[in-house]
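Take a look at the letters that make up each chain.
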Amino acid sequence: MNVYDSWRIAAMLDARDMIATNDVADADIIILNTCSVREKATNKVFSELGRIRDTKKPDAIFGIVGCVAREAGANAFHRIPELNFVLGPQSYHKLPMILDDPDTRLLNIDLTGLEKFDELPQMTHAPVVSYIPIQEGCNHCCTYCIVPYTRGREISRSFDDVMRDTTTAAKTGAVEICFLGQNVNGYKYTDENGKTFKLSDLIRATAQMPEIQRIRFTSSYPTEMTDDLIEMFAVEPKLLPFLNMPIQSGSPDVLERMNRPYSLDGYLEIINKLRNARPDIQISSDFIVGFPGETDADFEQTLDIARRVRYINSYSFKYSPRPHTAAALMPNQVPENIKRERLAILDNTLNEIQREFNETCINKVLICLYEGADKTGRHLLYRTPYMQQCIVAKPKDGTAPTMAEIKITAANRASLRGKFVLY
Ligand code: SAH
């Protein structure tokens, strides 16, 4: 979501003929986009703003956008008086006001819902992988999560708006569409004629576009994985065989305190249906370790579910108490050293499963999407249908096909190596 927001902010500056620089000291405008899901990122924001203030040109304007901006509000100006603007995740479309009049100070942290999508300038060129937000906010109220506070209640964009953005993206460079939402599979829009559209309708319509080769969506809430959506994995080959469906914990007690009211059996049943629909589908999860009251036995259940489902490409986090959330006030907060220990054990388990899955890919031919050069600039990076990174030698003619059949030749925990089938 933040990648998308940053991209739209960059496009607004682009439309004003500004050019990007990597050098803070050279910039005329500096915008820090921020995330407040965990405390660590939030803490870094103000030290980073202090560094920017001390490095930037005296007349360069600078400000903060995103969820930390919403959370800090006017307090941000007290902490860093030189700031020119503080804009929340639903009001960064107000940025041109500050560009028109750099002497004003702009504070807007309103939850406007969908207003920004109407006001942002039309996209003119889309990245190969284009993120398309289809809804904002979340109604689930997981007890650890700050999102309902920072991004507000859940609202779905209209089917026509989403398809207009998707068509523009397809016509201006997109090959892969990733539908975005805090609760993306809860997408539901009813038009003026009473017709209701769901995520499966967006997928079906997008798959008709010849330019679009791959479709995915993130992040999904387990109990909203309805049969019409699962069916898409069976009938729509462009929908990638990969799904992020966070379980967060393998302990029913912890899940209940998290206010994630699904049973392990119910969750595993959804995975069964998904595997029946698309036998090679791979599932990814987010995990939180050290949630208040989590015992060793609870944590064992998380390791157990990770091994049973054989998750790949997962994210794991130490529980981080957040303002405005119920869990921050719960008794039996888990000490930092235990959280750290559990995270290391879970990461080891997930890495081992990932390595085993990556090794099963050796000798397979996968159709992959070009992502760019690797860090050394000597190789090409491709993304497999399961979202693994695959490193390929540069072909002699210097070309890099956008989509290519790649035979996997080697694998480790972090990535695959492969070679083009056609060269
Ligand atoms: N609905 C969004 C939530 C974004 S937060 C999504 O599923 O992508 C992404 C992940 O951060 C969550 O799935 C959760 O695992 C983790 N997270 C959220 N709040 C957290 C907290 N207070 N402490 C630790 N991890 C948290």
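Residues numbered from 1 in each chain as written. Predicted model: local features only at pLDDT ≥ 70, side-chain atom pairs only at ≥ 80, totals over all residues. Heavy atoms only, no water.

Colleague: I'd like to hear about the overall build of the protein, residue by residue, with values.
Modeller: Looking only at helices and strands, the protein has 14 helices and 20 strands in total. In terms of C-alpha radius of gyration, the protein reaches 22 Å, essentially the compact-globule figure of 22 Å for 423 residues. Along the first, second and third principal axes, the C-alpha atoms of the protein reach 60 × 60 × 55 Å. Long-range contacts, defined here as pairs at least 24 residues apart, represent 68% of the contacts in the protein between residues at least 6 apart. A total accessible area of about 19300 Å² is found for the protein, and carbon and sulfur atoms account for 51% of it. For the protein, the distance from the average site of its 50 positive side-chain charges to the average site of its 55 negative ones is 5 Å. (Helix = DSSP H or I, 4+ residues; strand = E, 2+ residues; numbered from the N terminus. Rg over C-alpha atoms; globule rule 2.2 N^0.38 Å. Contact = heavy atoms within 4.5 Å. Areas by Shrake-Rupley, 256 points an atom, 1.4 Å probe, with all protein chains shown as cover. Lys, Arg positive; Asp, Glu negative; His and termini not counted. Charge placed at Lys NZ, Arg CZ, Asp CG, Glu CD.)

Colleague: Hey, could you go over the packing of aromatic side chains for me, with residue numbers and the actual values?
Modeller: Applying the stated criterion to the full structure yields 11 aromatic pairs. A centroid spacing of 4.2 Å and a plane angle of 15 degrees characterise the contact between F159 and F197, whose relative ring orientation is stacked. Note that F159 is positioned in helix 8 (residues 159–171) and F197 in strand 10 (residues 196–198), a separation of 38 residues in sequence. For F197, a relative accessible area of 10% translates into the label buried. Geometrically, the ring pair formed by F287 and Y311 is edge-to-face, given 5.4 Å between the ring centres and 85 degrees between the ring planes. (Phe/Tyr/Trp six-rings, centres within 6.5 Å; stacked < 30°, edge-to-face > 60°. Buried < 20%, exposed > 50% of the residue type's maximum accessible area, 1.4 Å probe, protein only.)

Colleague: Go over helix 12 (residues 264–277), please, and point to the residues and values.
Modeller: In this model, helix 12 (14 residues) spans 20 Å end to end at C-alpha, consistent with the 20 Å of a helix rising 1.5 Å per residue. All of the buried residues in helix 12 are L264, Y267, L268, I270, I271, L274 and A277. On its buried face, helix 12 sits against helix 10 (227–235), strand 12 (242–244), helix 11 (252–257), strand 13 (282–284) and helix 13 (296–309). (Expected span 1.5 Å × (residues − 1).)

Colleague: Mind laying out the pairing of strand 19 (residues 403–411), listing which residues take part and the relevant values?
Modeller: In this structure, strand 16 (residues 365–373) lies alongside strand 19, joined through 5 bridges in antiparallel fashion. Bridge assignment links L369 to a residue of strand 19, and that residue is M403. Bridge count for strand 19 against strand 20 (residues 416–420) is 5 bridges, and the pairing is antiparallel. In the sheet register, I408 faces strand 20, and the bridge partner there is G418. Counted along the chain from strand 19 to the antiparallel partner strand 20, the turn is 4 residues long. (Pairing = 2+ DSSP bridges.)

Colleague: Break down the packing of helix 9 (residues 199–207) against helix 10 for me, with residues and values.
Modeller: Helices that pack against each other are described as a pair by the angle of their axes relative to one another and the distance between those axes. It is the contact of helix 9 with helix 10, at a shortest axis distance of 8 Å, that shows an interaxial angle of 25 degrees. As far as their axial angle goes, helix 10 and helix 9 are roughly parallel. Across from L199, S200, I203 and R204 in helix 9, the residues of helix 10 making contact are D228, L229 and M232. A per-class count over the contact of helix 9 with helix 10 returns 4 nonpolar, 1 polar and 2 charged. (Axes fitted to C-alpha atoms, helices over the stretch in contact; angles between N-to-C directions. Parallel < 35°, antiparallel > 145°, perpendicular 65-115°, else oblique. Nonpolar A, V, L, I, M, F, W, Y, C, P; charged D, E, K, R; others polar.)

Take it as geometry only, folks, not as evidence of what the structure does.
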